[in-house]
Amino acid sequence: KENPLHPDAIKAICLSAITATANLIGNLLAMCFVERCGRRVLMLGSLSGACVSLFVLGFAFHTTRVNELVVVASMMTFLLSYGCGLAPMPWTVNAEIYPLYARSICVSIATGVNWTMNVIVSLTFLYLGENMSTYRWKDDLPMEDREKEIKNHPDGVFWLYSVLTALCGIWLWFKMPETKG
């Protein structure tokens, strides 16, 4: 049985609390600025911050020795950016863009698509992390160490997500209306 007071367990809880706090702060900022700045600005800004932080996160894992400080800072930046727009704005805009007669069915469809995508990301992340790793080991490493090093360097998946985020931002730049007011 694991000891909850073991230093590694305490470190994991502290890191989890830090990242959750970043997401909370992002959501609070979104609530403060949604009417002042508009949904479109918050969404595009959020996508920009998420894109950059995912790219930096991939780079942090790409180096031979993973820089834990950069990983945590990038993850916090991602969650702060996510909380400012990607988390709340789709729900806000979804409730505003449909006519009243179609709103319930359209929001239901959007919710279903959202959760389906969440499941796909959750099911494929570890696989993509291993198979998209660009880490190259020294030839003198035994095979089991090579596999461990690949698992510890999931840079490619974060770069994939960064590119997908950038493409989403470009698409929304041209397609997303401002619904403020």
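Refer to the structure presented above.
So, a few notes on the structure that sits alongside this text. Every residue gets a number counted from 1 within its own chain, in the order that chain's sequence is written. Restriction of local features to residues with pLDDT of at least 70 applies here, the model being predicted, together with a cutoff of 80 or more for giving and counting side-chain atom pairs; totals for whole chains, interfaces and linings are based on all residues. Here the side-chain values reflect all heavy atoms present in the structure, with hydrogen atoms and water set aside.

Looking at helix H4 (residues 89-97)
Piece 1. Taken together, the buried positions of H4 are Met89, Val93 and Asn94. All buried residues of H4 lie within an arc of 130° about the axis, which places them on one face of the element. Each residue's exposure class comes from its accessible area (1.4 Å probe, protein chains only) as a fraction of the maximum for that residue type: buried when under 20%, exposed when over 50%, partly exposed otherwise. The helix and strand labels rest on DSSP assignments: H or I over at least four residues marks a helix, E over at least two residues marks a strand, and numbering proceeds from the N terminus. The directions from the helix axis to the C-beta atoms form the arc being described.

Considerations on the pattern of salt bridges
Piece 1. Salt bridges are counted wherever a side-chain nitrogen of Lys or Arg sits within 4 Å of a carboxyl oxygen of Asp or Glu. Summed over the entire model, instances satisfying the criterion amount to 3 salt bridges.
Piece 2. The closest approach of N and O atoms between Arg39 and Glu96, which form a salt bridge, is 2.8 Å. Note that Arg39 is positioned in helix H2 (residues 39-62) and Glu96 in helix H4, a separation of 57 residues in sequence.
Piece 3. On the basis of relative accessibility, which here comes to 33%, the residue Glu96 falls in the partly exposed class.
Piece 4. Sharing partners across several salt bridges, the network here consists of Glu35, Arg39 and Glu96.

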